[in-house]
Structures are given as C-alpha cells and as structure tokens.
Amino acid sequence: MSTQRARPRPLRRLGLVALATGLLVALTACGGGAPSGSSGATGSSGSSGAAPQGGAAQGGGAAGGGEVIKIGVVLPTSGREAKPGTYQWEGIQLAIKQVNDKGGVSVGGKKMKIEPVFYDDESDQAKSASLVERAMTADKVVAVIGGYSTALGQAESVMPDRYQVPWITPGAAASTIFSQGYQWTFGTLTPVSELGYTTGKFLGWLVDQGKLQKGLKIAMVLENTDHGVDYGNGIEQWLKENPGYFTVVFKENFELGAPDFSGLLQKVKNAGADIFLSDAHLQDYITMHRQYVQAGLYHQMVSYGARGPEKDARDALGDAVTGIFAGIWWSKNLPYPQVKKFIEDYKAAYGREPDSWYAATAYDAVRALVTAIEQAGSLDKTAIRDALRKVELKDSLLPGQVLKFEANGQLKAPFVIVQNKPGGKVDIVYPADAATGEVIAPIPKK
Amino acid sequence: MTAGEFLNLLVAALLLAGIYATMSFGMTVIYGVMKIINLAHAGFMMLGAYFAYELYQRLGVDPILGSVLAIPVFFVLGVACYFLLVRWVPTSDQPTLPSLLLLFGLWLVLQNVGYSVWGNTDRSILTPFTLSTIRIGPVSISTLRAVVFAVAVLSLVVLQLVLTRTWFGRSVRALTQNKLAGQIVGIDTQRTAALTFGLGIAFAGMAGALLATLYSFNPDFGRPFLLRSFVIIVLGGLESFSGVAVGALILALVETFTILVVPAGYQVAISFALLVVALLVLPGGVASLFERRGRAA
C-alpha cells in the first residue's frame, strides 16, 4: 500500500511541474519573442481588435482598386508591441495623408487616393499572419505594410509569396526573413548585420583619426538571438575585410533576460580587452552595464549594439551611460531638410516629435510603395512588385538619404552612430557629414 | 583564477542566492499549505515593482521602504484574491489542473492590466545607491544586492519564527503535514488558507519591489525569475523555507561558476537540467535529505 502511494507522487509532481513549465514556455513563445528594435517607446495603445479599419473601397477593380487604392496595414497597436506599432501606424497615416492631400497616386494618368485598411494584430504572431492573409485574400489589397518586431514580421513573411502580394515591413530586420529567397518581401529596416558592420567601420575610422590605436583587442558578448548573431557576424565581416585593425579576444553569447552577469563579466575582465561590444535588449543593457560599473570594469570604447541613448537607460543608470555609443537606424538630428520637414509635419499631426526611428521607416515604406505604383502605372501586383525592386527614393529620411532595396528585398542604408554625452546629451558622431558633435574616444577613465 | 576573483564570484553567487530566495519564499508558502503552484507569482512581483516605482516617483519614498510598505498592501490584495478567485477551485493534497490554469490566467490578466496602465516602456528606479558598491579587500559588493540578501535572510528568520512560535504558524505546519488531521483538530482551513495566500502574495510584492531596485522592468517582468523559482522550490523540497534557501544557493552557485567553463547562453539549460535531475533523483528536494539524516540520527 505504501509503495503504491509513494510511486506516483514524484511522477504526478513531475507531470504538474512539466505542465506549469510548458505553460510558461508557451507564453514565452507567444509573447516573449525578441523585438528587433524595440527600445521602450512610450505612449498609449491604439485601436484594438482584428476588424479592419479604414472603410471599404468603392468600386473594386480587378486588383482591388477602383477609385481608391487599398493598402493593408498590419501592426500591433495593443499588447506588448503597442507603442512602436502605434508610432509606425502614425508614420504611415502621415505619409498617406500627404499623398492624398496632393490629389493621390498617379496610376496610368489617373489620380487615385490611397485607402489604408488597418488591422491590429495585438502583438500576436498567429493573429498577425492570419490578418495579412485576410488582407491579401478577402480584402484584396494591392500591398501590405506590416510586421513590427522580428517575431511578428517573421510570422507575416510567409504570406506574400503564397498570395503573390507585395509586402513591406518597416519594423523587422532579421536576416532569417530576407534569406529565404522570397520574391514578394521588402523591408525598410537595414539588416542588423549592417549595424555590426557599421560598428566595425566606426571603430576603424577612430583608428584612422588617431583617436584609437591600431591592434586593440575586442571583447564581444551577444544576446543569443538572431539579432545578436547578425550583429556579431557584421563586426567580424568588417574585421575580415580590414585585417590588422582589431583582434577579437573574447566572444560569447548570453541568455536574454538573465538576472546576473557577474560570471560573464568576470570572463570579459580576464580577457584583457580594450573595447567592449555587447548586443543587448534594453533590460539586459541596463542590468549588464549596472554590474559592469559595479565591477569596476573599464574599456576604451563601450557599446550595447543598438542600445545606448534611451532615456530609460539614463533614468536607470544616470551619468554611468556617458561615453556609450550605439548604432541606430534613424535619428531626428539627421541634418537633412526632408528630416526637418518630416519632424515638423509629424509634430503638427500628433503634437509631439517622433519617438526613435519607428515612424520614419514606416513613412518611407509608404513613399516607396507609392513611387512603385506610379512607376508600374497600374494596380497589377506583379508590376508593383517589379517596380519596387527598382525603386530609388533619393530624398529618403534614412541615413544616406537613398532608399533602394537590395536583391533580397531589404534596404541597406548606413547606420548612424550616436554617443551619450555628459548632461544627458546625445550626439551623432558618425558618419562625419551628419555629426552633431565630437566623438569622445577613448572614454576617459573615471 | 586568482583568489580575489574566486572570492568575488563567490560573493556574487551568495548575493544572487539572496535574490532567488526572496522571490521564491512566496511561492513556497502557498504551495506548502494549499498545494497550489502560483503561476501568477510573476504578475504580483511585477505589480510590486510598479508599486515601489510609483511610490518613489510620486512621493519620493525610498524603494527599500517601499518594499516594506508592499507587505501589508499585497497581503490584503492576496487575501482578496483568495476569497474572490482561489477558494472556488477544487483543492487536493496534490496540485490540481484548475488551480494551475486559474493562476496562469490571472497572470495574463495582471500582465495586460500592466500594459494598459504603464505601457511597455521599461522603467527603472535610480537612487544614490544604484551603482554604489562596498569594497572589502579585493571583493566588490553591490550595496543594493547586499540589502536584498539581508532581506532574504531576515525573511527566512521571520518565517521560521512565525511558523514555530505562533498559532497561525502551527496551523500552517499542521495543514502542510496533513490537511485532514488538521481539520479534525479544529483548524479553520479556510481562514488559514486565506492568510497563507495573502502571505505568499505579500512576499511576491515585496520581492518585486526589491528587485525593482536591481533591474529595469515592464509588465512582462518576472518571467525569467518564475522559471528559476520553479527550479529552486523543487530543489528545496517544495514545502521547506530553509530548503528553498539551500535550493537558491545551489542554483546561484551552479549558474555563477559553470559560466566559467560553459558559455553564458546555456544558463537556462543548466537551470532546467537541475530541475530534471532534482525531480528524478531527489523528488523530495534537499529538505528530504535533511529529514533522512534526522531520522537516521
């Protein structure tokens, strides 16, 4: 009797703990995906539910046109990605309004207005994919703009080729989306590998400027996500093309959201590197840099990939973030006239300046699509796709001012390097023609 | 590795164990009496973090004091949760699926309430102690981690005193050992369960408030900690506070020192390997080892 009672207990316990763990893992899979560029934007959620917004098109031509051009927009305006998704939706609305205010898109000599059909995917991967499917099939849009964050973008990216409808993502940049050989997929966010490459280029430029010595040693710690892998690959690619500048003496991945980095930082310390490069989400950046400072570590240059200038980090760490540099997709300080006008228009429309890069890539996604439709001269989806491949926006908001898709459908614009300065200031320090301040290199030892 | 580096890592592991123990006590106290795995624990930790944040931002209350204030507030919240939700689910001497699903659902609700109220922006609390360290020879100790460690030790002592010196504690121990026998001798199980759930949630709120001084947080806060809490309470024996402290120490030591030979990216795998080993080899946790030794003596 006692043995019969004793045997099932561990098994039952095992089963329940396994179930509980399974629930947690399932939740992690649903909502814990790593956003490709989330930097903790603020604001409030937008519209909710899966119902499309924007009204039905009048008429309804062969390709969903008629007197209006229906464009599907699938973004999260509720759930964990609500803020960046809302900002991207705002950028899209602003661009569409400006096009419509000028009479619309010229298609084969006829002016047609754009009608966005908006769907909130609620930051849910499955919903995101099914809404793109719905837009492309039932609602017969000519193209879809959508996919903020790598996780949601990946879920959506399987639909365009299936239904042969152009899809432009303004918020997902992982190489896993653009290395599948898809023919109908485009992205206005430069790949993360380019972030790593630009980081290498920036450091090399500092050597050429005489601010850093040649042959310095680099320690790299990367989050174990596609983002981290792409970042590391980008740096190594530059180092391979430019031998002699730096040597990587330490490279290791770390767990996303780890509660403690003491052991990892001890290894970094032991490596005796001169430059510390990490690729981390905001929470990990704050936790890691807090322990970095507490451990008394010092490196001549420090970066956390795309993280660095966020207000949240300064709120959490104060002046300890001074000197940290970061590569970002876009900055409102870019000295281009079209950027200044965009900021003025955005402020007029929403009463505040754009937060981070979200609205800019979405705004340019609409402009690229409009240009492609005009060049195609029809609402035929294949013609629009082919035109998108050739689009070249020469007054892009993005660094370098030119928006042109590569053969894989992704934009490859340069990154802007910004650096935290004392007193909460953030300057663009690279490329030199966009710089708003002098680079601090090496970071002074405290 | 030099002796100084070894000492630094050892201290880091001890401080990490303090963090782990603080966040696991709440789950243990609820499981011990009610046999409920509180999956909403992370949700209450998240609320505790925002509680300390709001007190600090609006009233300038130090987050350590905020963590103390969280205890009564979250105790009341826990008791209310018990009467509104938890008492309706069937209980048993083993965890039940309805309770698991109820609390998982509650966690999702709390998370979404968090997103609605505070958005998904990461928040942090910056105090004059955030970056401060205490240096003893070659050893560098984070002041706030030391405070969390001290709170963990204090919590363990207070919990042991409550369990051994009060009527409520005796009721808890009796129900933990044998619920039916407890009822026969006149223990009010409903009242004890309500107070226990309140106590568990109070610990979750306090832990969240303390962790808010160490980490940035958003409504998803607590997920990685919850996974580790599972490992710790299974290692500790599910019903023993001192076992939890030992479990937290084991996990912290293993995580901190294995990084020296295994890439840091495998930390989660190490935690889960420990969970599986503990369940298969030592299903009663380290507490059962102490019991066996006690019986042998």
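The model shown is predicted, which means the values in this text are computed figures rather than measured ones. (Residues numbered from 1 in each chain as written. Chains lettered and ligands numbered in written order. Predicted model: local features only at pLDDT ≥ 70, side-chain atom pairs only at ≥ 80, totals over all residues. Heavy atoms only, no water.)

### Quick notes on the UniProt feature "transmembrane region" (unreviewed entry) in chain B
- Residues given the UniProt feature "transmembrane region" (unreviewed entry) here are residues 7-30, 36-53, 65-85, 97-118, 139-163, 193-217, 229-254 and 266-290 of chain B.
- Counted over residues 65-85 of chain B, helix gives 95% and strand 0%. Its end C-alpha atoms are 30 Å apart. (UniProt positions renumbered as here; feature names shortened; annotations may be inferred. Helix = DSSP H or I, 4+ residues; strand = E, 2+ residues; numbered from the N terminus.)

### Considering the sheet that holds strand 4 (residues 143-146) of chain A
Residue and element names in this part refer to chain A.
- Strand order in the open sheet formed by six strands is 2-3-1-4-5-6, and the pairing between neighbours is mixed. Two strands in the sheet have a free side with no partner beyond their single neighbour: strand 2 (105-107) and strand 6 (185-187). Strand-to-strand, the axes of this sheet are offset by a mean angle of 30°, without reference to chain direction.
- Both strand 1 (residues 68-75) and strand 3 (residues 110-120) contribute to a ladder of eight bridges, which runs parallel. Opposite L75, over in strand 3, you have D120 as the bridge partner.
- Together, strand 1, strand 3, strand 4 and strand 5 (167-169) form the strand contacts of helix 4 (residues 125-136), whose direction differs from that of strand 3 by roughly 150°. (Pairing = 2+ DSSP bridges. Axes fitted to C-alpha atoms, helices over the stretch in contact; angles between N-to-C directions. Contact = heavy atoms within 4.5 Å.)

### A word on the packing of aromatic side chains
- Counted under the stated rule, the structure contains 35 aromatic pairs over all chains.
- A centroid spacing of 5.2 Å and a plane angle of 50° characterise the contact between A:W205 and A:Y430, whose relative ring orientation is tilted. Placement of the pair is A:W205 in helix 8 (residues 192-208) and A:Y430 in strand 15 (residues 426-430), with a sequence separation of 225 residues.
- Aromatic ring contacts, followed pair by pair, group B:Y50, B:Y53, B:W118, B:Y215, B:F217, B:F221 and B:F225 into a single cluster.
- A cation over a ring is seen here: A:R385 above A:W184, with NZ or CZ 4.4 Å from the ring centre. (Phe/Tyr/Trp six-rings, centres within 6.5 Å; stacked < 30°, edge-to-face > 60°. Lys NZ or Arg CZ within 6 Å of the ring centre and 35° of its normal.)

### Notes on helix 13 (residues 337-350) of chain A
Residue and element names in this part refer to chain A.
- Its 14 residues place the ends of helix 13 20 Å apart at the C-alpha level, agreeing with the 20 Å of an ideal helix rising 1.5 Å per residue.
- For helix 13, every residue scored as buried is listed here: Q338, V339, F342, I343, D345 and Y346.
- G351 sits one or two positions beyond helix 13 and adopts a positive phi of about 75°. (Expected span 1.5 Å × (residues − 1). Buried < 20%, exposed > 50% of the residue type's maximum accessible area, 1.4 Å probe, protein only.)

### A short note on the nonpolar core
- Ranked by size, the top nonpolar core spans 121 residues in total, and within it A:F202, A:L203, A:F246, A:M301, A:W330 and A:F342 carry the most contacts.
- Sorting elements by how many residues they give to this core places helix 14 (residues 358-376) of chain A first, with 12 residues.
- Residues B:V29, B:M45, B:C81 and B:A193 belong to the second largest nonpolar core, which totals 81 residues. (Core = buried A, V, L, I, M, F, W, Y, C linked by side-chain atoms within 4.5 Å.)

### What about a nonpolar patch on the surface?
Residue and element names in this part refer to chain B.
- Residues V276, V277, L280 and V281 make up a contiguous nonpolar surface patch of roughly 380 Å² in combined accessible area.
- Mapping L280 onto the fold places it in helix 11 (residues 267-281).
- L280 gets classed as exposed once you look at its relative accessible area, which sits at 60%. (Patch = residues over 30% accessible without salt bridge, like charges linked within 9 Å, V, L, I, M, F, W, Y side chains within 5 Å. Areas by Shrake-Rupley, 256 points an atom, 1.4 Å probe, with all protein chains shown as cover. Salt bridge = Lys/Arg side-chain N within 4 Å of Asp/Glu carboxyl O.)

### Concerning the side chain of B:R228
- Counting through the fold element by element, B:R228 comes out in helix 9 (residues 223-236).
- We classify B:R228 as buried; its relative accessible area is 3%.
- If we ignore the near neighbours within four places in the chain, the residues touching B:R228 are A:E255, A:P259, B:Y20, B:M23, B:L251, B:E255, B:Q267 and B:S271.

### What to know about the interface of chain B and chain A
- Facing 64 residues of chain B, the contacting portion of chain A comprises 57 residues.
- Carbon and sulfur atoms make up 60% of the surface buried where chain B meets chain A, a total of about 4,900 Å² over both sides.
- Taken together, the links from chain B to chain A amount to two salt bridges.
- Of the charged contacts in the structure, one is a salt bridge between A:E255 and B:R228, with a shortest N-O distance of 2.8 Å.
- Linking chain B with chain A are 15 residue pairs in polar contact (both at pLDDT 80 or more), by the criterion used here. (Buried area = accessible area lost by both parts, 1.4 Å probe. Polar contact = N/O pair within 3.5 Å; in protein donor to acceptor, adjacent residues only side chain to side chain.)

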